[in-house]
Amino acid sequence: MARIPPTSLLPTHEVTNQPDDFAGTNLYTADAALREAALREGGEWLDESLRELGEQAGSAEMLELGMLANRHPPELLSFDRYGRRIDEVRFHPAYHELMTRAMDCGIHDVAWTVNRPGGHVAHAARLALFTQAEAGTMCPMSMTYAAVPALRAGGADARWLEKLLGGRYDPDLAPIATKRGITIGMAMTEKQGGSDVRANTTRAYRQDNGSYRLIGHKWFCSAPMSDGFLTLAYTEDGLSCFLAPRVTPDGERNSIQIMRLKDKLGNRSNASSEIEYHDAYGALLGEEGGGIKVIIDMVHHTRLGTIAGTLGIMRMALAQAFHHTSGRRVFQRTLIDQPLMRSVLADLAVEYEAAAALVMRVGRAFDGTDESERAFSRLAVAVAKYWLTKRCPGFVYECMECLGGAGYVEESMMPRLFRESPLNAIWEGSGNVIALDILRTLARKSGAALEVYAAELALAGGGDERLDAAAAELLSILDRAAPAEAEARHVAEKLALLLQAALLVRHAPQAVSDLFIGSRIAGQAGHSYGAFAGEVPIKPVIDRQMSAVA
Ligand SMILES: Cc1cc2nc3c(=O)[nH]c(=O)nc-3n(C[C@H](O)[C@H](O)[C@H](O)COP(=O)(O)OP(=O)(O)OC[C@H]3O[C@@H](n4cnc5c(N)ncnc54)[C@H](O)[C@@H]3O)c2cc1C
């Protein structure tokens, strides 16, 4: 039933010059960059499900759920009314509804269940779309998706994988055998060290029956209502990875206590917590002493989630900026027709185009089965994570400014997006850690990441002289000597920009790649958005955002 419009004629004035409702936009079909990149990298089969999700995620109902789940953050219930420990988190119903929808559309498992190329692209594209309505629920989705390789490392009861793949949201605290689906969290970071997990102090003691007892703490454990946590702990043989369930195989609450929930800048729907293991039950995954090897696979996969999530945040911010500026007039012109606003919007649009092309290309690398694609995925996901997450807060801020004062108000979504925007840079490897990781990947002889990266750039060879020259210069520098640690950010940035430019040259309309390369590689722009030197052709870039397929 059509909604009865609000009253614009008020006793003291008439409400005019405000945009129409944003809700009701199909977030997928309105996004040419994402749609083209997802289908190109993942295959046409993605189209239908993404179209459905785009419609759902852009609906008034879903946007409202996202708002409610963040306005009413989770609450820790340490004890029941009689003083017995329960260590449970109470969420607003909107959170449960969002989790249900996220698992119904298979964000957690599509990559592992489709049995055709494009599964990881589907995961990334769905996660990017869902994030636009709500980002916090994507943390448990991303971790659950990423836990699959670790669960396959051996040691976990086969039912964990059975319940994860094809599973549906089931928030009950119950033995997994009785559940419709499960979610998995990860617990690595401790008070004395997060990036450096070798500083962990949590210990694991082997029992006669082959299980382990865990004693220690974790300083960050998001989604503490997950069914199990991949936990790093030391045994005599070194750092090892364990699956610590919330319910033990005997059907009892595992002795994992939630000490408190974090009072966070953003990401408020998601209950990030501090936990302690009080002789908690754990099952070893992989081998004793092989914990880093097991967890690193999970971390690698969660990084795909961090870049897809960043893409979603950027997209919603950009969509809001275009929506507002198309629906408001200032100084006798619609905002989007003011020349300086057009420069800002075009600059933001090419930033997003480049991000979408990069994320979907990285998704395809995760789908790759040969060694060169695997090497490319290791390098490219780190490069993308470094650069996109660094760009995201400034990008969202600039979009916010396009809305003027309305952008600073919670109802616009922009404050929530802004608070969310720094997070993907921090978890799963903070900026410096990621940049150093990139240097290590480049230095590794096996896998030959640099050659694979160079081959990817070569595919765009001859498309743009400025890009060709910049690529030749960077590759010859990297070929000559390994960069020093202090240069890692410089290298990461260059690798990212050239890769984005190469993808745009090959796949985007020429106006988009020209603007990107001119401003980001050939230095024809300043440091703020829209600060182009001289006249640049931006009409096709703006038109592409406006001519969304309905
Ligand atoms: C909302 C939220 C949720 C989280 N959820 C989880 C979770 O579910 N599970 C989990 O295990 N963790 C989680 N984390 C923790 C997160 O992964 C860590 O905070 C992150 O890995 C950084 O570790 P740290 O906080 O100990 O910082 P540190 O390791 O102390 O790093 C501090 C800074 O130093 C930099 N740095 C580190 N090493 C170097 C170096 N060699 N050279 C130069 N600079 C360096 C880092 O880049 C960083 O900027 C979460 C964090 C947040 C914010």
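A brief report on the enclosed structure follows. (Residues numbered from 1 in each chain as written. Predicted model: local features only at pLDDT ≥ 70, side-chain atom pairs only at ≥ 80, totals over all residues. Heavy atoms only, no water.)

**Considering the packing of aromatic side chains**
This model, assessed by the stated rule, comprises five aromatic pairs. Where F395 meets Y529, the ring centres are 6.1 Å apart and the plane angle is 85°; that geometry is what we call edge-to-face. On the criterion of sequence distance, the pair formed by F395 in helix α11 (residues 371-402) and Y529 in the loop between α18 (510-520) and α19 (539-546) is long-range, its members being 134 residues apart. A single burial state applies to F395 and to Y529, both of which are buried. Sitting above the plane of the W219 ring, K262 keeps its charged end 3.4 Å from the centroid. Positioned above the aromatic ring of F220, the side-chain terminus of K262 is 4.3 Å from the ring centre. (Phe/Tyr/Trp six-rings, centres within 6.5 Å; stacked < 30°, edge-to-face > 60°. Helix = DSSP H or I, 4+ residues; strand = E, 2+ residues; numbered from the N terminus. Buried < 20%, exposed > 50% of the residue type's maximum accessible area, 1.4 Å probe, protein only. Lys NZ or Arg CZ within 6 Å of the ring centre and 35° of its normal.)

**Quick notes on the pairing of strand β3 (residues 184-187)**
Of the two faces of β3, the one holding I184 and M186 and the one holding G185 and A187 are both buried throughout. Here β3 pairs with strand β6 (residues 228-235) via four bridges, running parallel. Paired with I184 across the two strands is G228, which belongs to β6. (Pairing = 2+ DSSP bridges.)

**Section: the pattern of salt bridges**
With the rule as written, the count across this model stands at 35 salt bridges. Residue R84 is joined to D80 by a salt bridge in which the shortest nitrogen-to-oxygen separation is 2.9 Å. In this structure R84 comes out as exposed when scored by relative accessible area, which is 51%. Of the residues examined, D80 reaches a relative accessible area of 22% and is grouped as partly exposed. In this structure, R260 and E274 form a salt bridge, with 2.9 Å as the shortest nitrogen-oxygen distance. A residue pair is termed long-range when its members are at least 10 positions apart, and R260 in strand β8 (residues 256-261) and E274 in strand β9 (residues 272-285) qualify at 14 residues. R260 sits in the partly exposed class, given a relative accessible area of 46%. (Salt bridge = Lys/Arg side-chain N within 4 Å of Asp/Glu carboxyl O.)

**So, the site of the ligand**
Contacts to the ligand come from 20 residues, most closely from M186, M188, T189, S195 and S222. Between the ligand and the protein, one listed contact pairs an oxygen atom with a side-chain N or O atom of S195 at 2.5 Å. Contacts to the ligand include S222, whose backbone N or O atom sits 2.8 Å from an oxygen atom. Protein chains bury 66% of the 980 Å² of accessible surface belonging to the ligand in isolation. When contributions to the shell around the ligand are tallied by element, the ones reaching two or more residues are β3, β5 (212-222), α13 (423-426) and α14 (431-443). Across the shell around the ligand, the residue classes break down as ten nonpolar, eight polar and two charged. (Near = heavy atom within 4 Å. Polar contact = N/O pair within 3.5 Å; in protein donor to acceptor, adjacent residues only side chain to side chain. Areas by Shrake-Rupley, 256 points an atom, 1.4 Å probe, with all protein chains shown as cover. Nonpolar A, V, L, I, M, F, W, Y, C, P; charged D, E, K, R; others polar.)

**Here we look at the pairing of strand β7 (residues 238-245)**
On a regular strand, each side chain points to the face opposite its neighbour's, so the side chains alternate between the two faces of the sheet. Within β7, eight of the eight residues are buried, leaving the element largely enclosed by the surrounding structure. Here eight bridges tie β6 to β7, and the two strands are oriented antiparallel to one another. Its bridge partner being in β7, T235 is matched across the sheet by G238. Taking the residues between adjacent antiparallel strands as the criterion, β6 and β7 are bridged by two residues. Sheet topology places β7 next to β9; three bridges connect them, and they run antiparallel. Across the sheet, L243 pairs through a bridge with A283, a residue of β9.

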